[in-house]
Amino acid sequence: RSLIVVHFWAPWAPQCAQMNEVMAALAKEHTQVTFVKLEAEAVPEVSEKYGISSVPTFLFFKNCQKVDRLDGAHAPELTKKVQRYLSSSSLSAASNHSPKEDLNERLKKLINAAPCMLFMKGSPKEPRCGFSRQMVEILNKHGISFSSFDIFSDEEVRQGLKTYSNWPTYPQLYVAGELIGGLDIIKEMEASGELDTVCPKAQKLEDRLKTLINKAPVMLFMKGSKQVAKCGFSKQIIEILNNTGIDYETFDILEDEEVRQGLKTFSNWPTYPQLYVKGELVGGLDIVKELRDSGELLPALKGEN
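Numbering of residues starts from 1 in every chain and runs along the sequence as written. Totals for whole chains, interfaces and linings use every residue, but because this is a predicted model, local features are given only for residues with pLDDT of at least 70 and side-chain atom pairs only at 80 or more, for both listing and counting. Note that water and hydrogens are dropped before the side-chain values are worked out from all heavy atoms of the structure.

Under an unreviewed UniProt entry, the name given to the chain is GLRX3 protein, and the organism recorded is Turnix velox. UniProt positions are given in the numbering used here, feature names are shortened, and annotations may be inferred rather than shown by experiment. Regarding the chain, the UniProt comment filed under Subcellular location (unreviewed entry) reads as follows: "Cytoplasm, Cytosol".

What follows is the structure in structure tokens.
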């Protein structure tokens, strides 16, 4: 029933010596925990069985079952994990189903944490395996906006996601909460050109919106065009602008769904039409009416206020 913490270490690694000191301090504080040191290179079969690819690595065992893992010299995280498993030891057997349900809910939230989520070994700045490094390079090369999760930081997620998605290896790429696949699948999609259509390119859309907004000193995003307005609000704002004698250009948001949805988020303005002067949002029909009635519309269109 006790917690066992196994430190896979190497005498040539100074960070291992530091973590041995941390472990000694924890052993004094938590006498009910068994701390063990194993020289990773001296027990190659054991190291291979548990996938020890770097030192220091800590494995956590409870009731003769491996329950967690920590890769790297992270003293605060080691302390936190030891305390967490000690505090959970009093859980009753009646709650056996709860952890799995909680894990599935947590995995679902992680997968949907961003439009494009990469579960990898390490981080995009410091990948900790060749496959993860290649995946990051491909995504960056295509300008794909993505968030990531280091599966080395949480053994529960690392093992649980394999079962949840029925995909046994890492890295794993998800778009809009759906599993796309691992490195081989992404390479195939890159070769076929499909990758650019599936993965979100938030930054590229933002650049496109900035270009459109600044296409003319006065830009109106509306339903339809100057000649044929396709909603009452757009028709009214066209009539007001025509009466000012100021030149302006229009963009029909009905012809581009990406712009239609993206501009709402970009400008934090949920409806159309939207009027821009020198790249800055003025507002919609109601704002334009207020400016007209107060005599401020013409100066605003000229960029004077």
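S.K.: If you had to explain the packing of aromatic side chains to someone new, which residues and values would you point to?
M.R.: Classification of ring pairs rests on two measures: the distance between centres of Phe, Tyr or Trp rings, Trp counted by its six-membered ring, which must be within 6.5 Å, and the angle between planes, read as stacked under 30 degrees, edge-to-face over 60 and tilted in between. Summed over all chains, the structure comprises 6 aromatic pairs. Judged by centre distance (5.8 Å) and plane angle (45 degrees), the ring pair of Phe119 and Phe149 falls under tilted. You can see Phe119 sitting in strand E5 (residues 116-120) and its partner Phe149 sitting in strand E6 (residues 147-150), a full 30 residues away along the chain. When sorted by exposure, Phe119 lands in the same class as Phe149, which is buried. Here the aromatic rings of Phe119 and Tyr174 are separated by 5.4 Å at their centres, their planes lie at 80 degrees, and the arrangement is edge-to-face. Residue Phe119 is found in strand E5, and its partner Tyr174 is found in strand E7 (residues 172-175); the two are separated by 55 residues along the sequence. With a relative accessible area of 0%, Phe119 lands in the buried category. Take Tyr174: its relative accessible area is 1%, and that puts it in the buried class. An aromatic cluster of three or more residues is present, and its members are Phe119, Phe149 and Tyr174. Strands are runs of DSSP state E lasting at least 2 residues, helices are runs of H or I lasting at least 4, and numbering of each runs from the N terminus. Under the scheme applied here, a residue whose accessible area is under 20% of the maximum for its type counts as buried, over 50% as exposed, and between as partly exposed, the area being computed with a 1.4 Å probe on protein chains only.

S.K.: If you had to explain the layout of surface pockets to someone new, which residues and values would you point to?
M.R.: Every definition here rests on a 1 Å grid over the protein atoms only: cavities are sets of points where a 1.4 Å probe fits but cannot get out, pockets are open sets enclosed by protein on both sides within 12 Å along at least five of seven lines, and lining residues have some atom within 4 Å of a point. Grid points are joined across faces, edges and corners, and a volume is the space filled by probe spheres set on the points. Quantified by volume, the second largest pocket comes out at close to 340 Å³. If you trace the second largest pocket, you find 20 residues lining it, with Lys121, Phe131, Pro168, Thr169 and Tyr170 closest to the centre. Where the lining of the second largest pocket is concerned, the elements lending two or more residues are strand E4 (65-71), helix H6 (155-165) and helix H7 (183-192). No other element matches the 4 residues that H6 contributes to the lining of the second largest pocket. For this scheme, ten residues count as nonpolar: Ala, Val, Leu, Ile, Met, Phe, Trp, Tyr, Cys and Pro. Four count as charged, namely Asp, Glu, Lys and Arg, and the remainder, Gly too, count as polar. Each residue belonging to the lining of the second largest pocket can be placed in one class, and the counts come to 8 nonpolar, 4 polar and 8 charged. Counting residues domain by domain, the lining of the second largest pocket receives three or more from each of domain 1 (3-88) and domain 2 (103-198). Where a domain begins and ends is set by an automatic assignment or by a domain database.

S.K.: Account for the environment of Glu29, with residues named and values stated.
M.R.: Assignment of secondary structure puts Glu29 in helix H1 (residues 14-29). Here Glu29 falls in the exposed class, since its relative accessible area comes to 53%. Along the chain, Glu29 and Asn166 lie 137 residues apart, while their C-alpha atoms are 40 Å from each other.

S.K.: Tell me what's going on with unusual backbone geometry, and back it up with residues and numbers.
M.R.: Note the cis peptide between Val55 and Pro56, where omega equals -5 degrees. Tracing the backbone shows Pro56 in the loop between helix H2 (44-49) and strand E3 (57-62). A cis geometry characterises the amide bond from Tyr272 onward to Pro273, with omega recorded as 5 degrees. Among the secondary structure elements, Pro273 is positioned in the loop between helix H11 (257-267) and strand E11 (274-277).

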